[in-house]
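Spelled out, the chains give:
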Amino acid sequence: MTTWEYATAPLISHALQQILNQWGSQGWELVQVVDNVAYFKRPVAADGDA
């Protein structure tokens, strides 16, 4: 079973692409945007995974 971790980040319109690309490069997937706040998720590595 996949275990997830979650994060939120405020979105600034003049840096939107840079913000989303930064989070994406760290393995975060954008789930939703509400009121200029981005919600991200990424799988948590299971014990023993390299």
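Refer to the structure printed above.
Numbering of residues begins from 1 in every chain and follows the order in which that chain's sequence is written. Note on the predicted model: pLDDT of at least 70 is required for a residue's local features to be given, and 80 or more for side-chain atom pairs to be given and counted; whole-chain, interface and lining totals, by contrast, use all residues. Excluding hydrogens and water, the side-chain values take into account all heavy atoms of the structure.

## Considering the pattern of salt bridges
Then step 1. Salt bridge, as used here, is a side-chain nitrogen of Lys or Arg placed within 4 Å of a carboxyl oxygen of Asp or Glu. Evaluation of the coordinates by the stated rule reveals 1 salt bridge.
Then step 2. Residue Arg42 is joined to Glu5 by a salt bridge in which the shortest nitrogen-to-oxygen separation is 2.7 Å. Taken as a pair, Arg42 in strand β3 (residues 37-43) and Glu5 in strand β1 (residues 4-10) lie far apart in primary sequence, 37 residues in all.
Then step 3. The rule is simple: take the accessible area with a 1.4 Å probe, protein chains only, and divide by the maximum for that residue type; under 20% is buried, over 50% is exposed, in between is partly exposed. Judged by its relative accessible area of 31%, Glu5 is partly exposed. Elements are defined by DSSP. Helices are runs of H or I of four residues or more, strands are runs of E of two residues or more, and each kind is numbered from the N terminus.

## Overview of the packing of aromatic side chains
Then step 1. In this analysis, rings of Phe, Tyr and Trp, with Trp reduced to its six-membered ring, are considered paired at centre separations within 6.5 Å, and the interplanar angle assigns stacked below 30 degrees, edge-to-face beyond 60, and tilted for intermediate values. What the rule picks out here adds up to 2 aromatic pairs.
Then step 2. For the pair Trp23 and Trp28, a centre-to-centre distance of 5.6 Å together with 70° between the ring planes defines the contact as edge-to-face.
Then step 3. Pairing Trp23 with Phe40 gives two aromatic rings, centres 4.7 Å apart and planes at 10°, and the pair type is stacked. In this pair, Trp23 is assigned in helix α1 (residues 16-25) and Phe40 in strand β3, connecting sequence segments 17 residues apart.
Then step 4. By relative accessible area, which is 21% here, Trp23 ends up partly exposed.
Then step 5. Phe40 gets classed as buried once you look at its relative accessible area, which sits at 2%.

## Re the sheet that holds strand β2 (residues 29-34)
Then step 1. One bridge is not enough; two strands pair if DSSP finds at least two bridges between them. Ordered by their spatial adjacency, 3 strands build an open sheet running β1-β3-β2, and the pairing between neighbours is antiparallel. Only two strands of the sheet have a single neighbouring strand rather than two, namely β1 and β2. Averaged over neighbouring strand pairs, the angle between their axes works out to 25° when direction is ignored.
Then step 2. Bridge count for β2 against β3 is 5 bridges, and the pairing is antiparallel. Directly across from Gln32, in β3, lies its bridge partner Tyr39. All axes are obtained by fitting lines to C-alpha atoms, using only the stretch in contact for helices, and the reported angles, taken between N-to-C directions, cover 0 to 180 degrees.

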